[in-house]
Amino acid sequence: QVQLVESGGGLVQAGGSLRLACAASGSIFSIGVVGWYRQAPGNQRELVARITSPGSTNYADSVKGRFTISRDNAKNTVYLQMNSLKPEDTAVYSCNANVRTYYSGGYTDYWGQGTQVTVSS
């Protein structure tokens, strides 16, 4: 029905940058709020950043000033630009999107499989 695919993860040194992408495909009518989450070993999954369809954003305190979330509605894609990366940013990053399809009258949450981000010191 709807698939979310994350890309852009990898291994970088502290202070480096990565740009993650979350691409949605399927019978999409509209996409509302999209959030980036991360989970490190032994930790709970936490919300990193979120963006609404008009483009307003929210960030976790730990990433403010370093990460930027944005969206390209024509491509059904949301990005997470990560700068000044720290070892504590190491985690699996997943996106969650609130999606309405052509065959639904309401919105449903979908999750991607996640992409690994590793920051070395």
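Everything discussed here concerns the structure shown above.
Rules and cut-offs
- All residue numbers refer to position in the chain's written sequence, counted from 1.
- The predicted nature of this model means local features are confined to residues of pLDDT at least 70 and side-chain atom pairs, given and counted, to a pLDDT of 80 or more, with totals for whole chains, interfaces and linings taken over all residues.
- Only hydrogens and water are set aside; all other atoms, that is, all heavy atoms of the structure, feed into the side-chain values.
- By definition, any uninterrupted DSSP run of H or I lasting at least four residues is a helix, any uninterrupted run of E lasting at least two residues is a strand, and each is numbered from the N terminus.
- In this treatment the radius of gyration is a C-alpha quantity, and the globule benchmark scales as 2.2 Å times the residue count to the 0.38 power.
- Burial status follows relative accessibility: with a 1.4 Å probe on protein chains alone, a residue under 20% of its type maximum counts as buried, one over 50% as exposed, and anything between as partly exposed.
- Every residue pair with non-hydrogen atoms within 4.5 Å of one another is taken to be in contact.
- The Shrake-Rupley method, run with a 1.4 Å probe sphere, supplies the accessible areas, and residue values consider only the shown protein chains as cover.
- Here the positive residues are Lys and Arg and the negative ones are Asp and Glu; neither His nor the chain ends is included.
- By convention, the point assigned to a charge is CZ for Arg, NZ for Lys, CD for Glu and CG for Asp.
- Among buried residues, the Ala, Val, Leu, Ile, Met, Phe, Trp, Tyr and Cys ones that are joined through side-chain atoms within 4.5 Å form a nonpolar core.
- Salt bridges, as used here, are contacts in which a Lys or Arg side-chain nitrogen is within 4 Å of a carboxyl oxygen on Asp or Glu.
- A pair of Phe, Tyr and Trp rings is counted when the ring centres sit within 6.5 Å of each other, with Trp represented by its six-membered ring. The angle between the planes then sorts it: under 30 degrees is stacked, over 60 is edge-to-face, the rest tilted.
- Here, strands pair whenever DSSP counts at least two bridges between them.
- Working convention: axes come from line fits to C-alpha atoms, limited for helices to the stretch in contact. Angles between N-to-C directions cover 0 to 180 degrees.

*Asks:* Give me the overall build of the protein: which residues, what numbers.
*Replies:* For the protein, the count of helices and strands is zero helices and 11 strands. Starting at the N terminus and ending at the C terminus, the protein contains elements arranged as β-β-β-β-β-β-β-β-β-β-β. Here the C-alpha atoms of the protein give a radius of gyration of 14 Å, agreeing with the 14 Å that 2.2 N^0.38 yields for 121 residues. Each principal axis of the C-alpha distribution contributes one length, and for the protein these read about 50 × 25 × 25 Å. By the burial criterion, 39% of the 121 residues in the protein qualify as buried. The contacts in the protein between residues at least 6 apart in sequence include a share of 56% that link residues at least 24 apart. For the protein, the exposed surface amounts to about 6,500 Å²; the carbon and sulfur share of it is 45%. Positive and negative side-chain charges in the protein, numbering 10 and 7 respectively, have mean positions lying 5 Å apart.

*Asks:* Which residues make up the nonpolar core, and what values do they have?
*Replies:* By size, the foremost hydrophobic cluster in this structure holds 31 residues, and its most contacted members are Trp36, Phe67, Leu80, Met82 and Tyr93. Only strand E1 (2-7), strand E3 (18-26), strand E4 (28-39), strand E5 (46-51), strand E7 (67-72), strand E8 (77-82), strand E9 (91-101) and strand E11 (115-120) provide two or more residues apiece to this core. A per-element tally of this core places E9 first, with five residues. Setting aside anything within four residues of it in sequence, one finds Phe67 in contact with Arg38, Val48, Tyr59, Leu80, Gln81, Met82, Asn83, Leu85, Asp89 and Tyr93.

*Asks:* Can you lay out the pattern of salt bridges for me, pointing to particular residues and giving the numbers?
*Replies:* Side chains carrying opposite charge are able to pair once their charged atoms draw close together. Tallied over the entire structure, the rule returns four salt bridges. Lys64 is the partner of Asp61 in a salt bridge, and the nearest nitrogen-oxygen pair spans 3.0 Å. On the basis of relative accessibility, which here comes to 63%, the residue Asp61 falls in the exposed class. Given the relative accessible area of 49%, Lys64 is considered partly exposed. When salt bridges that share partners are traced, they join Arg38, Glu46, Arg66 and Asp89 into one network.

*Asks:* Please set out the packing of aromatic side chains residue by residue, giving values where relevant.
*Replies:* Taken as a whole and judged by the stated rule, the model has two aromatic pairs. Between Phe29 and Tyr102 the ring centres are 5.6 Å apart and the planes differ by 80°, which places this aromatic pair in the edge-to-face class. Of this pair, Phe29 sits in strand E4 while Tyr102 is found in the loop between E9 and strand E10 (108-111), placing the two residues 73 residues apart along the sequence. Classification of Tyr102 by relative accessible area gives exposed; the value is 56%. Arranged with centres 5.0 Å apart and planes meeting at 55°, the rings of Tyr37 and Trp111 form a pair that is tilted. Of this pair, Tyr37 sits in strand E4 while Trp111 sits in strand E10, and the two are 74 residues apart along the sequence.

*Asks:* Describe the sheet that holds E3, and please don't skip the residues or the numbers.
*Replies:* Strand pairing in a sheet is mediated by backbone hydrogen bonds. Such pairs are either parallel or antiparallel. Strand order in the open sheet formed by four strands is E1-E3-E8-E7, with antiparallel pairing between adjacent strands. Bordering the open sheet on either side are E1 and E7, each of which pairs with just one other strand. The mean inter-strand angle of the sheet, taken between neighbouring strand axes irrespective of direction, is 15°.

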